[in-house]
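Given next are the chains, with one letter for each unit.
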Amino acid sequence: MNQTVNANRLFLASCFALITTAFSFSIRAGILGQLGSELGLNNVELGTINSMWFLGFPIAMVLGGVFYTSIGPKLIMQIALVAHAAGILLTIYAVDYNTLLISTLLIGIGNGCTEAACNPMIADSYTGNEMNTKLNRFHMWFPGGIVVGSLISKFMTDAGMSWQSQVWVIILPTILYAVLFFGQAFPKPKLAQNNVAANIKAMLNPLYLFMLACMALTAISEFGPQNWVGPILSKAGASPMLVLALVTGLMAIGRYFAGPIIAKINTIGVLLFSAIFALIGLYLMSSMSGSTLYFAAFIYGLGICFFWPNMLGFVAEKLPETGALGLSIMGGLGMFSSSIFQPIIGSWIDGHKATQLASGLVGDAADLAAGQATLSNMMVFPGILIVAFAGLYFFGKKASHA
């Protein structure tokens, strides 16, 4: 007997799976300092640990995209559940650098499986502007979950609770998505006739390759500053976790209401707007301190708000022949880009601090200057995106009038 697909329950389960991803991001960002202190890790080592979160993501996303049509989203989400549970437990009982590398990689794999299964599943469950709306509301729960996770981490840290107890919190949304997915029927791919070879052929479209390059830059523009908010802003006179909560809270609200915005402004126009505000926000964050940082964070959050879901939405709408594999490669490259830059960002912080110490600054002043210099380095990413999206926007308008 065929089961009816309950699209709304699947969507809700997908949201809790993405909240698991968000908790693993924000709580890890919150405990980064504790991990460094307790296990004697420097910023490059912490960056390498962070890179495993981003490396596991694209590995799972690409493989999930390749096998999505043949094995379906159900099995991919079962793999996600095993990887999440194993990674969380291994993190809690980690005693050294190598254990944290493995546990973080497992969590990244669980996160990548979530994206590989849920993005095409939502695209297969809904159509038109409703599909774009649902994708934005699904991705709302990444920043939304970061808000909740950031506040949980802050309050638990302020209460003197261990980093291990904070990691236990990640298991809660994991259990919820497992229960919601249990026993459900899943939708069939809309383009079931497409095979991997057809997907790859469609991905050779110059527009897809262009968006792929842009995805690498949008991802690091979003994840670079957020993942290092603690070390970068720890001496800036504002709470790093409140800054993270503000940025991601704004992202969640923006993504929830994205549907009408996209309907009035085309997707590329939204992406161009995002790149401009991301650049302005990073500039302000690199030059401000104290309570004014919250304003800078607001501008930055407004900028990165629409990047991820609308990059995927653009490909799903304009290049549907790329299928689930096309979406997975897009997200996977974004995460791989972020993985590559994690140790580099850590080395930027250490290098800028050494420069500041050599120039005569000490203590908090040296940490603040190093953090601000690192944020300045990151401005190059949205700067390139402004040029890229502006070109695509005006080229698209010209083509539509031809």
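Residues numbered from 1 in each chain as written. Predicted model: local features only at pLDDT ≥ 70, side-chain atom pairs only at ≥ 80, totals over all residues. Heavy atoms only, no water.

1. Digging into the overall build of the chain
Rules: A helix here means a DSSP run of H or I that spans at least four residues, while a strand means a run of E at least two residues long, and both kinds are numbered starting from the N terminus. Buried means the residue's accessible area, taken with a 1.4 Å probe over protein chains only, is under 20% of the maximum for its type, while exposed means over 50%, and partly exposed covers the values in between. The criterion used for residue contact is that any of the two residues' heavy atoms lie within 4.5 Å. The charge count treats Lys and Arg as positive and Asp and Glu as negative. His and the chain ends do not count. To locate a charge, take atom NZ for lysine, CZ for arginine, CG for aspartate or CD for glutamate.
Tallying secondary structure elements over the chain gives 17 helices and 0 strands in all. Across its three principal directions, the C-alpha atoms of the chain cover 70 × 55 × 35 Å. The proportion of buried residues among the 402 residues of the chain is 57%. Taking contacts inside the chain between residues at least 6 apart in sequence as the whole, the part at least 24 apart equals 86%. Of the charged side chains in the chain, 16 are positive and 13 negative, and the gap between their average positions amounts to 14 Å.

2. With respect to the environment of Asn 195
In this structure, Asn 195 sits in the loop between α6 (171-181) and α7 (196-203). Since its relative accessible area comes to 44%, Asn 195 is described here as partly exposed. Placed 167 residues apart in sequence, Asn 195 and Arg 28 show a C-alpha to C-alpha distance of 38 Å.

3. Regarding the pattern of salt bridges
Let me state the cut-off plainly: Salt bridge, as applied in this entry: a Lys or Arg side-chain nitrogen positioned within 4 Å of an Asp or Glu carboxyl oxygen.
Under the criterion given, the structure shown has 3 salt bridges. With a shortest N-O distance of 2.9 Å, Asp 367 and Lys 353 are connected by a salt bridge. Of the two residues, Asp 367 is situated in helix α16 (residues 363-378) and Lys 353 in helix α15 (residues 323-358); the sequence distance between them amounts to 14 residues.

4. Thoughts on the packing of aromatic side chains
Condition: Between the rings of Phe, Tyr and Trp (Trp by its six-membered ring), a pair exists once the centres lie within 6.5 Å; its type follows the angle of the planes, with under 30 degrees stacked, over 60 edge-to-face, and the other angles tilted.
Summed over all chains, the structure comprises 15 aromatic pairs. With 5.7 Å between their ring centres and 25° between their planes, Phe 181 and Phe 186 make a pair best called stacked. Using a relative accessible area of 8% as the deciding quantity, one classes Phe 181 as buried. For Phe 186, a relative accessible area of 14% gives the class buried. With 5.0 Å between their ring centres and 80° between their planes, Phe 341 and Phe 381 make a pair best called edge-to-face.

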